[in-house]
Every structure is written in C-alpha cells, then in structure tokens.
Amino acid sequence: MDDEFAIETRDLTRTFGTCKAVDGINLCVPHGAIYGFVGPNGAGKTTTIRLLLGLLRPDSGGIFLSGQPLNQNRRELMRGIGALVETPSLYPHLTGQENLDLTRRVLGLPRSRVTDALAFTGLTADADRLVRVYSLGMRQRLGLAQAWLGKPALMLLDEPANGLDPGGIRELRSQLRQLAHDQNATIFLSSHVLSEIDQVADWIGIINHGRLFFQGRIQDLQREQGPLRLVVDKSLDAAAALTANGWQVLQQSDDFISVQVASDADVGKVNRCLQEQEIQVYRLERKEETLEDLFLRHMTN
Amino acid sequence: MRSFYRVLAAEVLKLKRTLALRLSVFSPLIVVILVFGMYAVRGQQIGGADPLTGFAQLVLTVWTIIMFPLFAALVAALIAAIEHQNETWKHLLAFPVDRSNVFVAKWLTGSGLLLLSSFFLCTGVCLAAEILRLMRPDWRTASLPIPMIFRGTILSCCAVGLLFSIQMWISLRWRSFLPGIFVAVIALVLMFIAIPRGAALFGSLFPWSLPAMAMSPHNVHRPLAAGWGLLGGVLVAVLACWNLSRREFS
Ligand SMILES: Nc1ncnc2c1ncn2[C@@H]1O[C@H](COP(=O)(O)OP(=O)(O)OP(=O)(O)O)[C@@H](O)[C@H]1O
Ligand SMILES: [Mg+2]
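Bear in mind the structure is a predicted one, so any value in this text is a computation, not a measurement.

Caption draft 1: Spotlight on the overall build of chain A. Broken down by element type, chain A carries 11 helices and 15 strands. Principal-axis analysis of the C-alpha atoms places the extent of chain A at approximately 75 × 45 × 35 Å. Pairs at least 24 residues apart make up 67% of the contacts formed inside chain A by residues separated by at least 6 positions. With an accessible surface of roughly 13,700 Å², chain A has 46% of that area assigned to carbon and sulfur atoms. Put simply, chain A has 32 plus and 37 minus side-chain charges, and the middle of one group is 8 Å from the middle of the other.

In structure tokens, the structure reads:
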C-alpha cells in the first residue's frame, strides 16, 4: 500500500440489514489535505467515519491509514487520530475542563494540553462550568478541543460546524487551515452544507447512497463541469450552427444559449464558429458552477 | 499496563458527581439509620440479652438480602448509563488502547463502589452502636461484635461479585437500563420464594442470594457462597470483557 495517502480505502463496503450504507468506496486522502466529504442526509458519511475509526467492521474491503492496514494496527494508528463523530462525546455531569482531562488521562498527555485546547477553542472562560449547561455551539467547540487534544496528524470531523454561529464557523475554517498548513495535519471533514466545504477544503469527495461519485481537487471538479453561456443576437441560428458543428447546446432562449465545453480552448473555438456564421456575440461567460449546482446535478443524475 | 492505569484514572474521574457515587454512601447509611431507628424506639422489646449484636446482625441481614444485591444491580446500570446516555462509546472505543482495558476498568471502578459502600456500612454500624450505647445506659456494657461485622461484610463483598458481573454484562450490552433492572427484580423475587424453604445449597449457588448466604454465620455453605461469588464473578467478568470488546457499539 502506498503511504502517500493519509487515508486509503479499497472497495470499502458496509451494510445494515438490506441497507448498503457504504458501497465499494475507494477513498484517497493525501497527507496534509483538507478533504471535504460531502453528501446529503443518509449518504453514508458517518458510517464511513465510523469504519475509519474501527468502530464498525467493514463487510468487505480494506482501510489503510498512512499505508498501514487498520485491522492489524488499530491501537497504534488511533494514537495519531483525533475524531469528532456526529454529536460530541461529552459527559454532562463533568465540567469542560474535566471532560478534556478524561481524554488527556487516557492519552497520557501533560496537563498543559488541556489549557491549550481550551484556549484554542475559546472555552477558557467556561472551562469550570458543567457541560450540562453548555450551549450547542459550546459543546461543539469542546468536541473539537477533544479531537485536537493529542495534536493528531489526522483529524476526522463529522459535521464539525454543527451548531456554530457564523463567527464560529469562520473561526473553525481558519483553525482548520492553520492545522493543515502549520502542523501539516490531514483533515477529513464531512458536511452536507456545501458552502462550508467549498471555502475550506482543497480536496473533495461526493457521496450519495453509499457510493463515491466524485473524488479529486475542487478546482478540477469545477473546471471540468462549467458550461459556457453566450449572449448573442440570433440565438436560434447560433444554436443550429453550433449543433451542426458538433457542440452540445444545453439551453437556448431568445437572447442566450449555453454550451457544454471541456476547456478554455473550446471557448475560442465556439466564438470562431459563431463569427464565421456572422452571428454577433455580445457576451461570453464561463459560469463556474458552484459546488451546490454540481452537488445537486450529481444527486439527480 | 500503563495504558490500563490511564484508562482506570479516567474511569474514576467519570464517577465525580454521579448518582452511583452518592448511592454508595447513602444506601448503606439508609439501612443503618432504619435499623437504628427501630432500636432507638423499641429497643426495650427487641433488644434482648445481647442488643448490639442483634442490631449489627439485623443491619447486615437487611443489607445483604435486599439492599446490597439491588445496589450492585443499580451501580452496574448507572455505570453503563454514563456511556449509553451520552453516546460516548464512539469516543471511548476509538482510544488507542485495548478495548478490553476499557471494560476491565469499568468493572474495577464498579467493584470499588461496592467496597466503598461496604466500608460505609461497617463504619455506620459501629457509629450507630456507639450512639445507642450513649442513648441507653443499660446497653453501655453490651459488646459490639466487630469481628463478626467485618467478616460478614468482607464475605458478602466477595459473594456479590457474581451477580455484579452478570448485571454489568447485561447493562453494558443493552442500551436500555430495563433488562438489567428486570433481571435483578425477577432474581430477587425468585430468591425470596426459594430460600426461606430451606434451600441452603441452592441459596449458596444462586448469584443473587450469595451475599446473604455468605454473611450468615449459621449457613454451613458459607465458604462456598463467598468463593463461588468471587471466582464466578471474575470468570463472568473475563468472559464479558472478551465479548464486549468484540462488539460494535453504535
Ligand atoms: N446502526 C445502524 N443500523 C441500521 N442502519 C444504519 C445504522 N447506521 C446507519 N444506518 C443507515 O446507513 C445509511 C447511512 O447513514 P449515515 O449515518 O452514514 O448517513 P450520513 O451521511 O452520516 O447522514 P447525515 O448527513 O444525516 O448525518 C442510512 O440509510 C442509515 O439509515
Ligand atoms: Mg452523519
């Protein structure tokens, strides 16, 4: 197995009864990447993360973390992983500080790590309050502090922005970038809120019904897919001319058409083709599809 | 080994402010106070020739027949509920330690609470006896059978092991606390039906009656009850930890 990947899975499959929660997934998460794992509710994100943590056993397929098989080295591999799965795992009858102290004790870390983690997540002032009285966002922060406590090389975060206010989300993003760039940590985060992933991740995997539809760099995904929108004087003629020349016209109305193109070079060719037919091109725009558009398209396909 | 101590240290911290911890102080004290009340009010009638021995004997009997088994079942349910209710298994079982360590640590903290409650029982009996002596001048010279109290408590502590392990296994295995409590109640009812009919051997083998049988100085099978409770408890604990560490908790 190649150890250039922090996470690699091979045909990872897990069923619950008749429900294929994860269906032959091949994840490749490079070291140091911020990898966004996107999919709608029930897509299989949490199940995948539970599998990666060894909390669920796969029906078939392999999991390799830094090239090492998880089923043989679970204990060693978990030392380098911090995780936040679904809701944070907290004990409400203990204070925030005591909750972190539990994890600290098990990992055998110095006490100063608790203070650092509290400061990192902005919870220092609430450290001595019982978690029972914490707000949703405060719990989420404490969950993140818990995941980060051991300064892991790999963080698995399941919907980390749940319950955070806009300021908190922005802060989270900058913290994630900081962890990835300064500490060279790999961050695997799942979400169904696309804007979160869009702004922070450099790699992305799209999952639905347990299957991975796309995996790669975010830019590749967008460049590959964006259609070309043209504002022209005679849209009917333009559409006919382009179709005759082998272009795929996606949409056509009175004053504009949109055409599927593969690259920037294609944009030039389309323009030339229309000029040869003496059609006036007023505007040429290659609208970058937002992740949302892509996502919805992948979901409906 | 060191990682086991770390997990144990975390488990001990988890008990802070819990009902389980409070109950291990209050449940023995409730028994002591109840019997103390009886002796304080009706000591003349029920005291007899050796009133403080009778007092200690009654406390130990009430404790081992009903309160201790029930308390052990409750401790098991409460310790398991700490993880079940807060959905913390996913965090606990993803730690870089052997999963069996986690379960063994839970068994040990639970056993610690059982020992703690027994300690409070002994202390409570001795204190209450002293107060009775002060309250009743005619009892001032009555002797308190301290060796009997300690022997009875220690043997019942050994004997409670088996039922505690069974209750722990059930409580950790199922999310709901109902199966554990259901088993405990059914078992105690069964015990009340079976044992007064002279089934001393059955009583000394049936897990939920072991504490009472190991405490009773009149029971000929006393060593059997204590030994079986302790060894059976360890055996079931080992099996349960082995089984639980192979389970998926979700
Ligand atoms: N323990 C379980 N038993 C049975 N089915 C399960 C279990 N866990 C998950 N599933 C099923 O597996 C599928 C994937 O669930 P999963 O929790 O992985 O989704 P998700 O992508 O995390 O969704 P969400 O965005 O809502 O958190 C769902 O259909 C779910 O019903
Ligand atoms: Mg989920």
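Caption draft 2: Region of interest: the side chain of Arg222 of chain B. Residue and element names in this part refer to chain B. Here Arg222 shows up in helix 10 (residues 222-244). It is Asp50 that comes nearest to the buried, bridge-free Arg222 among opposite-charge side chains, at 15 Å. At 3.4 Å, the side chain of Arg222 and the backbone oxygen of Ser216 are in polar contact. Excluding anything up to four places from it in sequence, Arg222 contacts Arg151, Gly152, Leu155, Met213, Ala214, Met215, Ser216 and Pro217.

Caption draft 3: Molecular detail of the pattern of salt bridges. For the coordinates displayed, the defined rule picks out 19 salt bridges over all chains. A salt bridge links Glu248 of chain B to Arg14 of chain A; its shortest N-O distance comes to 2.7 Å. In this pair, Glu248 of chain B sits in the segment after helix 10 while Arg14 of chain A sits in strand 1 (residues 5-16), so the two residues belong to two different chains. One connected set of salt bridges, linked through shared partners, spans Glu11, Lys14, Glu83 and Lys106 of chain B.

Caption draft 4: Representation of the site of ligand 1 within the structure. The local shell around ligand 1 holds 14 residues, among which Gly42, Gly44, Lys45, Thr46 and Thr47 of chain A are the closest. Residues within reach of ligand 1 are spread across chains A and B. Within the backbone of Ala43 of chain A, a nitrogen or oxygen atom sits 3.1 Å from an oxygen atom of ligand 1. The backbone of Gly44 of chain A places a nitrogen or oxygen atom 2.9 Å from an oxygen atom of ligand 1. When isolated, ligand 1 has an accessible area of 640 Å², and the protein chains bury 63% of it. Within the residue set of the shell around ligand 1, elements represented by two or more residues are strand 2 (19-25) and helix 1 (45-52) of chain A. Counted by class, the shell around ligand 1 contains five nonpolar, seven polar and two charged residues.

Caption draft 5: Seen up close, the sheet that holds strand 4 (residues 34-38) of chain A. Residues and elements named next belong to chain A. If you walk across this open sheet you meet the six strands as 7-8-9-4-10-11, and the pairing is mixed. At either margin of the open sheet sits one strand with a lone partner, and together these are strand 7 (81-84) and strand 11 (211-217). Geometrically, the sheet is characterised by an average inter-axis angle of 15° between neighbouring strands, direction not taken into account.

Caption draft 6: Representation of the sheet that holds strand 15 (residues 281-286) of chain A within the structure. Residues and elements named next belong to chain A. Spatial strand order, 13-14-12-15: four strands in an open sheet with antiparallel pairing. Looking at strand neighbours, the two that pair on one side only are strand 13 (248-252) and strand 15, the edges of this open sheet. Direction aside, the axes of adjacent strands within the sheet are offset by 25° on average. Summarising the sheet, strand 12 (residues 228-232) and strand 15 pair through five bridges and their orientation is antiparallel. Looking at the pairing, Arg229 lines up with Glu285 of strand 15. Strands strand 12 and strand 15 of the sheet are contacted by helix 10 (residues 264-276), whose axis makes an angle of about 165° with strand 15.

Caption draft 7: Representation of the packing of aromatic side chains within the structure. Residue and element names in this part refer to chain A. In the structure shown here, the tally under the stated rule is 13 aromatic pairs over all chains. Their ring planes at 40° and their centres at 5.0 Å tell us that Phe37 and Phe188 sit as a pair that is tilted. On the criterion of sequence distance, the pair formed by Phe37 in strand 4 and Phe188 in strand 9 (residues 186-191) is long-range, its members being 151 residues apart. Above the face of the Trp148 ring, Arg113 is positioned so that its terminal group lies 4.9 Å from the ring centre.

Caption draft 8: Representation of the confidence of the model for chain B within the structure. For chain B, per-residue confidence averages 92 on the pLDDT scale, and residues scoring 70 or more make up 99% of the total. Model confidence for the complex is summarised by a pTM of 0.87, with the ipTM given as 0.91.

Caption draft 9: Structural view of the packing of helix 3 (residues 51-86) of chain B against helix 5 (residues 99-135) of chain B. Residues and elements named next belong to chain B. Axis separation between helix 3 and helix 5 bottoms out at 10 Å; the angle between their running directions is 150°. Considering their axes alone, helix 3 and helix 5 lie roughly antiparallel with respect to each other. Along this stretch, helix 3 crosses helix 5, giving a crossing that reads as right-handed. Looking at side-chain class alone, the contact of helix 3 with helix 5 contains 18 nonpolar, four polar and three charged residues.

Caption draft 10: Structural view of the environment of Arg151 of chain B. Residues and elements named next belong to chain B. Tracing the backbone shows Arg151 in helix 6 (residues 146-173). Residue classification places Arg151 among the partly exposed residues on the basis of a relative accessible area of 47%. Each C-alpha atom of the pair Arg151 and Asn86 lies 39 Å from the other, and the pair is 65 residues apart in sequence.

Caption draft 11: Looking closely at the nonpolar core. Residues Ile7, Leu53, Leu156 and Phe188 of chain A together with Phe55 of chain B are the most contacted members of the largest nonpolar core, which totals 155 residues. If you tally residues by element for this core, the top one is helix 3 of chain B, at 15 residues. Those residues in contact with Phe55 of chain B that lie beyond four places of it in its chain are Val32, Val35, Phe36, Tyr39, Val125, Ala128, Ala129 and Leu132 of chain B.

Analysis parameters
Residues numbered from 1 in each chain as written. Chains lettered and ligands numbered in written order. Predicted model: local features only at pLDDT ≥ 70, side-chain atom pairs only at ≥ 80, totals over all residues. Heavy atoms only, no water. Helix = DSSP H or I, 4+ residues; strand = E, 2+ residues; numbered from the N terminus. Contact = heavy atoms within 4.5 Å. Areas by Shrake-Rupley, 256 points an atom, 1.4 Å probe, with all protein chains shown as cover. Lys, Arg positive; Asp, Glu negative; His and termini not counted. Charge placed at Lys NZ, Arg CZ, Asp CG, Glu CD. Buried < 20%, exposed > 50% of the residue type's maximum accessible area, 1.4 Å probe, protein only. Salt bridge = Lys/Arg side-chain N within 4 Å of Asp/Glu carboxyl O. Polar contact = N/O pair within 3.5 Å; in protein donor to acceptor, adjacent residues only side chain to side chain. Near = heavy atom within 4 Å. Nonpolar A, V, L, I, M, F, W, Y, C, P; charged D, E, K, R; others polar. Pairing = 2+ DSSP bridges. Axes fitted to C-alpha atoms, helices over the stretch in contact; angles between N-to-C directions. Phe/Tyr/Trp six-rings, centres within 6.5 Å; stacked < 30°, edge-to-face > 60°. Lys NZ or Arg CZ within 6 Å of the ring centre and 35° of its normal. pLDDT = per-residue confidence, 0-100. Parallel < 35°, antiparallel > 145°, perpendicular 65-115°, else oblique. Left-handed = near helix turned anticlockwise from the far one by under 90°. Core = buried A, V, L, I, M, F, W, Y, C linked by side-chain atoms within 4.5 Å.

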